[in-house]
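Given next are the chains, with one letter for each unit.
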Amino acid sequence: MADAFFTCGKNVLLAKSTSAQIDGDFAATRGRSVPEEQEALLQQWLEEGAGNLPAGESDPAAGKVSVKLTSDWLEGPQLLMTSLSDLNSAPEVTQCAGQQLTELHALSASETQVRAATEPAKLPAGETVAVAGSASGAAVVPQVDHQVAGCAAVHVEVQNEDPAVLAWSLACDAETVPAELPGWPIQNAVQLCPLPTEVPYHEILWRDWEDLSVQPCVLEQVSKNTPLFEFRVMSYNILAQDLVEQGFDLYLHCHPDILNWNYRLPNLLQEIQHWDPDVLCLQEVQENHYWEQLEPTFREMGFACFYKRRTGRKTDGCAVCYKHSRFQLISLSPIEYFRPGLDVLNRDNVGLVLLLQPLLPEGLDLKAVSPLCVANTHVLFNPRRGDIKLAQMALLLAEIDKIARTTEGSYYPVILCGDLNSVPDSPLYKFIRNGELSYHGMPAWKVSGQEDFSQQLYSRKLLAPLWPSSLGVTDSCQYVTLCQPKKSGRRKYSRDFLLQFRFCDAACERPLQLVLLEGVTDAKPVASTRGHPTSAVTAQLNTASFLSCGQRCLFMCRSSGVIQHDLNLTSVYSHFLPQRGRPEVTTMPMGLGATVDYIFYSAKPVENGNRGGRRLYRDGALKLLGRLSLLSEDVLLMANGLPNPFCSSDHLCLLASFGLEISTL
């Protein structure tokens, strides 16, 4: 991992160097922290800045400036994960930070003297510059038509066209001067504003760890002295590089160099390593990057990894990694949603379902813990094709039903992660959380809630059945071949006995939801024949016209337009930030924040618990102990959206801590 000197220096040079030049300059210093090289590079920056001054105005003292920086710089991304109170409370960190700040003041003062006589003459009329004097450090001030980069992290001038390159600053109270914002190149989209430079990045993007172990259900478990197997799960869409290059128009607010994979990869790996998950579910993992870089690195970090590439010509897919010191693999089931000949399943998305056995530490030989089912997927993005999204989710839930079902008919604890491309309280979200959805006649665009196409003259509507019976999946999201067989002790009736009831009132009454099919369900028995012997022809007609009880129930089930599942899943996140009064955001396409990433987990439904159409749950054997807080849209706008120099994906990572009950054998 690069140290903060490398990170800040690269961000500063982005404004005045080409991509190739930056990668070449910093490739040699990546992973090393040599004070002599740092001093030489700083000296070069100062000489270049003085060399741009008019002849005869350069200060000869500027070339003699020599600054000695400590090698104990804090890593830039690490500041995002370290609170200011922790920095102030740690004496060794405080001493290091104070020494850095003192040296930065000296360097800022020397450069200010060099620029004092020349800058006012070069600026247009009315243009002013914030000067670092008595302030704790100079703020990063964007200027017009100036490409000179000064000292790293102290006084930086960058182009207005590159707002995402503004380096983080330790100063909080320096004056800033508003500059004219660049024109937003995309119509009908929210313009991302440059970062308010008086606020450091690590304060804007700060994410709290929410301790949920004080919940009554967890405290009750603790009071019983029942141990828990604790582990962390992370879900992260890391943004495949091929997708960046194919959709570059989505990232016009970003400087091209922070979109470079060689820049993004160290940030992503450091973030994952910092939060140290035991189970890692990744989406948009490019295949060549996985095998050449990610999988070897994860293996060194103690992970066992499994990958499934999307079908067709797609180059990315999903990966599930778990620490082999904490879990042992029981079964693995990759899923391909593409089914030839089915319009409702004609896309290349995939998923992974694993059954893991937690490994208990030594000393708990007489203890046991339940296996854990982990699923990861990336559902189709297209907002207009909600029918495909529902069918893909039904296939995933059917696979989970097969993997997580016990011999007794119950389920092992389930954790479902992924980018579902659906917003909270959308029909798809409600289907996962409430276990049931009536979809017949619903507009397809409404399923995910991503966009509103209600003004269109024509929109695709969902009709029952959503998928053909040849798929082998029931409307209960179970494989037909795995449905529970009938009980062997059930009483069997003869055909002659059942035929006695073929003309009873119950058999002659049309079910309300029975679909009218000409020649099949449209005939009615002759009233005069009820209860009387009929000819063979009449009996054959009545038998063909009305379905038997078993056939009728099956037909009604396939035609009711209702799908359901029995997994009892609830979301780790509440999707709302009460302290800010704003919704949570996991991604920010085109400057618009949205929640599309989720971690669902098994819970117990509360009896008679239903609030506003939402089923209420309480923790069962799998308990939610904590989670990493998300951010709101306005906060991400302050950091110039996603990606930015510190968050190297267009999604935020999701992280949750769980506890599994450990029982006695």
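Residues numbered from 1 in each chain as written. Predicted model: local features only at pLDDT ≥ 70, side-chain atom pairs only at ≥ 80, totals over all residues. Heavy atoms only, no water.

Let us now look at the overall build of the protein. Across its full length, the protein holds 19 helices and 20 strands. Relative to its 665 residues, the protein shows a buried fraction of 50%. Put simply, of all contacts in the protein between residues at least 6 apart along the chain, 73% involve residues at least 24 apart. Summed over all atoms, the accessible surface of the protein reaches about 31,600 Å², with 54% contributed by carbon and sulfur. (Helix = DSSP H or I, 4+ residues; strand = E, 2+ residues; numbered from the N terminus. Buried < 20%, exposed > 50% of the residue type's maximum accessible area, 1.4 Å probe, protein only. Contact = heavy atoms within 4.5 Å. Areas by Shrake-Rupley, 256 points an atom, 1.4 Å probe, with all protein chains shown as cover.)

Below, the discussion takes up the nonpolar core. Within the largest apolar cluster, 67 residues are counted, with the highest numbers of intra-cluster contacts made by F231, F298, I415 and F658. In this structure, F231 is in contact with D278, R326, F327, L372, I415, L622, A656, S657, F658 and L660, ignoring residues within four places of it in sequence. Formed by 45 residues, the second largest nonpolar core is a distinct cluster that contains I335, Y337, W467 and Y598. (Core = buried A, V, L, I, M, F, W, Y, C linked by side-chain atoms within 4.5 Å.)

Here the focus is the sheet that holds strand β13 (residues 569-571). Spatially, β6-β7-β9-β10-β16-β13 is the arrangement adopted by the six strands of the open sheet, whose pairing is mixed. Both edges of this open sheet fall to β6 (327-336) and β13, since each of them pairs with a single strand only. Here the average twist between neighbouring strands, direction ignored, is 20 degrees. Where strand β10 (residues 414-419) meets strand β16 (residues 597-602), five bridges bridge the pair, whose relative direction is antiparallel. From the neighbouring strand, D419 faces β16, where its bridge partner is D597. Sitting on the sheet, helix α14 (residues 427-434) touches β10, β13 and β16, and the angle it makes with β13 is about 125 degrees. (Pairing = 2+ DSSP bridges. Axes fitted to C-alpha atoms, helices over the stretch in contact; angles between N-to-C directions.)

A few words now on α14. With seven of its eight residues buried, α14 lies for the most part within the structure. Within α14, the full set of buried residues consists of P427, L428, Y429, F431, I432, R433 and N434.

Right, let's get into the pattern of salt bridges. Pairing between side chains of opposite charge can happen when the charged atoms of each approach one another. This structure, assessed with the given rule, holds 17 salt bridges. The partner of R385 in a salt bridge is D343, with the nearest N and O atoms 3.1 Å apart. You can see R385 sitting in the loop between β9 (372-378) and α13 (386-404) and its partner D343 sitting in the loop between β6 and β7 (350-358), a full 42 residues away along the chain. The class of R385 is buried, set by a relative accessible area of 8%. The exposure class assigned to D343 is partly exposed, which follows from its relative accessible area of 44%. Between D387 and R385 there is a salt bridge, with its nearest N and O atoms 3.0 Å apart. (Salt bridge = Lys/Arg side-chain N within 4 Å of Asp/Glu carboxyl O.)

A few words on unusual backbone geometry. Of note, the amide linkage connecting A464 to P465 takes the cis form, showing an omega dihedral of -5 degrees. For P465, the position within the fold is in the loop between β11 (436-438) and α15 (495-499). One non-glycine residue with positive phi stands out, namely N568, at about 55 degrees. The residue N568 is located in the loop between β12 (562-564) and β13 in this model. Even without being glycine, H575 reaches a positive phi, approximately 70 degrees. Turning to its location among the elements, H575 is positioned in the loop between β13 and β14 (576-577). For H575, a relative accessible area of 10% gives the class buried.

Let us now look at the side chain of S657. Summarising the element assignment, S657 is placed in strand β20 (residues 654-664). Those residues in contact with S657 that lie beyond four places of it in its chain are W209, F231, R232, K623, L624, L625 and G626.

Now for the packing of helix α11 (residues 261-275) against helix α12 (residues 287-300). Two elements in contact, α11 and α12, have axes separated by 12 Å at closest approach and are oriented at 30 degrees. Overall, the two elements α11 and α12 adopt an arrangement that is roughly parallel. Crossing angle aside, the handedness with which α11 passes α12 is right-handed. Contacts between α11 and α12 pair W261, L265, L269 and I272 from the former with H289, Q293, L294, T297 and F298 from the latter. Residue classes in the contact of α11 with α12 are distributed as six nonpolar, three polar and no charged. (Parallel < 35°, antiparallel > 145°, perpendicular 65-115°, else oblique. Left-handed = near helix turned anticlockwise from the far one by under 90°. Nonpolar A, V, L, I, M, F, W, Y, C, P; charged D, E, K, R; others polar.)

A word on α12. The end-to-end C-alpha separation of α12 is 19 Å, in line with the 20 Å expected for 14 residues at 1.5 Å each. In α12, a bend of some 40 degrees at L294 exceeds every other bend along the element, and P296, a proline, comes one to four places later. Burial in α12 covers these residues: H289, Y290, L294, E295 and F298. Two residues or fewer past α12, G302 is found with a positive phi of approximately 95 degrees. (Expected span 1.5 Å × (residues − 1). Bend = angle between axes of the 7 residues up to and from the residue.)

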